[in-house]
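Here is what each chain is made of, one letter per residue.
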Amino acid sequence: MCGIIGYAGELQAPDVIIDGLKKLEYRGYDSAGLSVFNNGEIKTIKSIGRIINLEELKNKNQDELISNVGIGHTRWATHGKPSEKNAHPHFTDKVSIVHNGIIENYLKLKKCLEEKNYVFETETDSEIVAKLLDYYYQGDPIQAISKVISRLEGAFALAIMFKDQPQKIYGARKECPLIVALGENQNFIASDINAVLEYTNKYYNIDYQEIIEISKDSVEILDIDGNKIKKQINIANWNVAAAQKCGYEHFMLKEINEQPQAINSTISPRIIDFLPDFNYDNIDSDYLKKFNKIFIVACGTAMYAGMVGKDLIEKIARVPVEVDVASEFRYRDPILTKQDLLIVISQSGETADTLAALRLAKSKQIETLAIVNVVGSSIAREADKVITTFAGPEIAVASTKAYIVQVAVMYLLSIKLALVNQKLDKNQAREYIKILMQMPEAISDVIGLSDNIKNIATKYQNTKDMFFLGRGLDFATCLEGSLKLKEISYICCQPYQAGELKHGTISLITDNIPVVCVATQTNLFDKMISNIKEVKARGAKTIFLTTPELETKIEKEIIDDIILLPCIKDIFMPFVIVPVFQLMAYHMGIIKDCDVDKPRNLAKSVTVE
Ligand code: F6R
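An account of the accompanying structure is given in this report. In every chain, residue numbers begin from 1 and rise along the written sequence. Where local features are concerned, this predicted model is filtered to residues with pLDDT of at least 70; where side-chain atom pairs are given and counted, the filter is 80 or more; whole-chain, interface and lining totals use all residues. Here the side-chain values reflect all heavy atoms present in the structure, with hydrogen atoms and water set aside.

1. Points about the sheet that holds strand β24 (residues 514-518)
Pairing is parallel across the open sheet formed by five strands, whose spatial order is β23-β22-β24-β25-β26. Here the strands that pair on one side only, and so sit at the sheet edges, are β23 (492-497) and β26 (561-564). Taken over all neighbouring pairs, the strand axes of this sheet differ in orientation by 15° on average, direction set aside. In short, DSSP must find at least two bridges between two strands for them to pair. Numbered from the N terminus, helices here are DSSP runs of H or I no shorter than four residues, and strands are runs of E no shorter than two. As paired elements, strand β25 (residues 541-546) and β26 share four bridges and run parallel to each other. Bridging from a neighbouring strand, Phe544 pairs with Ile562 of β26. Only heavy atoms matter for contacts: two residues are in contact if any of them lie within 4.5 Å across the pair. Axis angles are defined between N-to-C directions and span 0 to 180 degrees, where every axis is a line fitted to C-alpha atoms and, for a helix, only to the segment in contact. Its contacts with the sheet place helix α16 (residues 473-489) against β22 (465-470), β23 and β24, and it is angled at close to 175° to β23. Along the sheet, helix α19 (residues 574-591) makes contact with β22, β24, β25 and β26, crossing β25 at roughly 140°.

Structure representation (structure tokens):
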């Protein structure tokens, strides 16, 4: 949700900034801009659309932009439509800023500044920051920033340049992520370390009420009174290749293919003697034993990983689980007791609603456990316990490999909970873990079905609507499957519990409408087949996902298309169903000429409500 970069060094700042913005483009991509110091002036360029447009503009204005110090921004519009005017940086004669987040009290502040004769030119909330800094700045940047951030309500990450401080970049944050990365003869401010991994993997996390000042050869972190703060340096273990396409046409396809490896990396440190073991995360059996109920709270795909988790934990460990969308949970005054555990799931670790849900639970002294992919993210830092997933950087906006590792953790956790609650003995648990360890190979087999899946996508490319039907665990996978297809190929998809369709929605089933039928759960299979017959009788085209074993029980007349999945224990089927859905969404998106890595209107890291 908006990407920020600041650079001070020896290289050409516009090039480093454009390069960094390309890496941050997944955070927003409706417009972009940069400011650099040049000949005692701050020069700013902005353009609508992708970073490539800004790059072209930069190339045309090369001479005016020669500089070693500057800031840049890629925008995901919240206040004001995407336009050159609304694009960042926002500036005055004294200052230029880029902003990520939402300033909730901007109208009030705007009114105050208008009374002091400031004139506003954009529809954004961000412009207020530039004007307010201009108002407070009297030669001391730290003092001005300190005054400004104490007046801002809402969420922000800022990178700032003052015209009379030409070697320096400043920054501050509240809620939205911001790091300072340390290079040799160069330093950076960025929304995340991916933006600058090419130059360094050393960085500081910045907290609220801290102000950063960087130059080519110095980094200062100060509190709001201007006192220096000492911080621990973090080392990112993601390498540059991990954040590049490495020969794949799209990040999404690369990340789908990385799933077997991502699962291996995530589960290996947590399996000892074929049993789940969270000592790696400082979580022992006594800790897990004390909870009577679990809440799983997350957004989007991460929440759907939680839906799989609920099914597993309740089935295997017999602990009741509620799953909630974070934006609802935080405002619904949930009934929480001291014996409850709140699990939040997040790839980025920065999702505003998920972070707020975590804080809500903490404020009520409820124990919190985060399953997070980004080390050092806000959620990872604030939760009581953290299980880090090792998917590596996920660049494509739609989540794929991060989902599968979240699901893998859910399996480990449910088996562990079953052990501590004596619902499984060690031998039974080992059987489950042995199957879990085979999942990377099973996923590779499914990825091998890509051509088959592409043919089906080609056949249904002109459809406007689609349904996904399943029961039980299969339904949990339908939620993720239909979200993937919606966001990547813009087809309107409805995931439905198969038995629920006849209570209204079946009226939407008409001739030739494709219905994806997930029928992998043996105990629900006959019921599922009856439901599929109901849609077939109304003219639907059925796309079956099932196993060769179960296929033998299906009458040929009700099958239009079929994808045969590896035969594995029912409870593990999400591992092989969801990659099929990911590939279906990918191929459909490509066939329909959609930007699969950056679907319209989306941003990877949703740091606003
Ligand atoms: C969909 C997708 C989103 C995210 C959601 C939560 O493909 O990626 O639905 O899952 O925005 O993001 P995180 O996991 O970063 O909290």
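2. Here's the deal with helix α17 (residues 525-536)
Since the α-helix packs 3.6 residues into each turn, any two residues three or four apart lie on the same face. The end-to-end C-alpha distance of α17 is 16 Å, a good match for the 16 Å that 12 residues give at a rise of 1.5 Å each. Working definition: with a 1.4 Å probe on protein chains only, accessible area under 20% of the residue-type maximum means buried, over 50% means exposed, and in between means partly exposed. Taken together, the buried positions of α17 are occupied by Phe525, Met528, Ile529, Asn531, Ile532 and Val535. Taken around the axis of α17, the buried residues stretch over an arc of 165°, which confines them to a single face. α17 presents Asp526 and Lys527 as exposed residues on the side facing more than 90 degrees away from its buried surface. Given the number of residues in a helix, its expected span is that number minus one, multiplied by 1.5 Å. Directions from the helix axis toward the C-beta atoms define the arc.

3. Here we look at the packing of α16 against α19
For the pair α16 and α19, the least separation of the axes is 8 Å and the interaxial angle reads 15°. Taken together, the axes of α16 and α19 are roughly parallel relative to one another. α16 and α19 meet at a crossing whose hand is right-handed. Contacts between α16 and α19 involve Leu473, Asp474, Thr477, Cys478, Glu480, Gly481, Lys484, Leu485, Ile488 and Ser489 on the former and, on the latter, Pro574, Ile577, Val578, Phe581, Gln582, Met584, Ala585, Tyr586, Met588 and Gly589. Here the nonpolar group is Ala, Val, Leu, Ile, Met, Phe, Trp, Tyr, Cys and Pro; Asp, Glu, Lys and Arg are the charged ones; every other residue, Gly included, is treated as polar. Grouping the constituent residues of the contact of α16 with α19 by class yields 12 nonpolar, five polar and three charged. Angular relationships are summarised with four words: roughly parallel below 35 degrees, roughly antiparallel beyond 145, roughly perpendicular across 65 to 115, and oblique for the angles in between. By the definition used in this description, the sense in which the near helix is turned from the far one sets the handedness, with an anticlockwise turn below a right angle giving left-handed and a clockwise turn giving right-handed.

On their own, these measurements won't tell you what the molecule is for.
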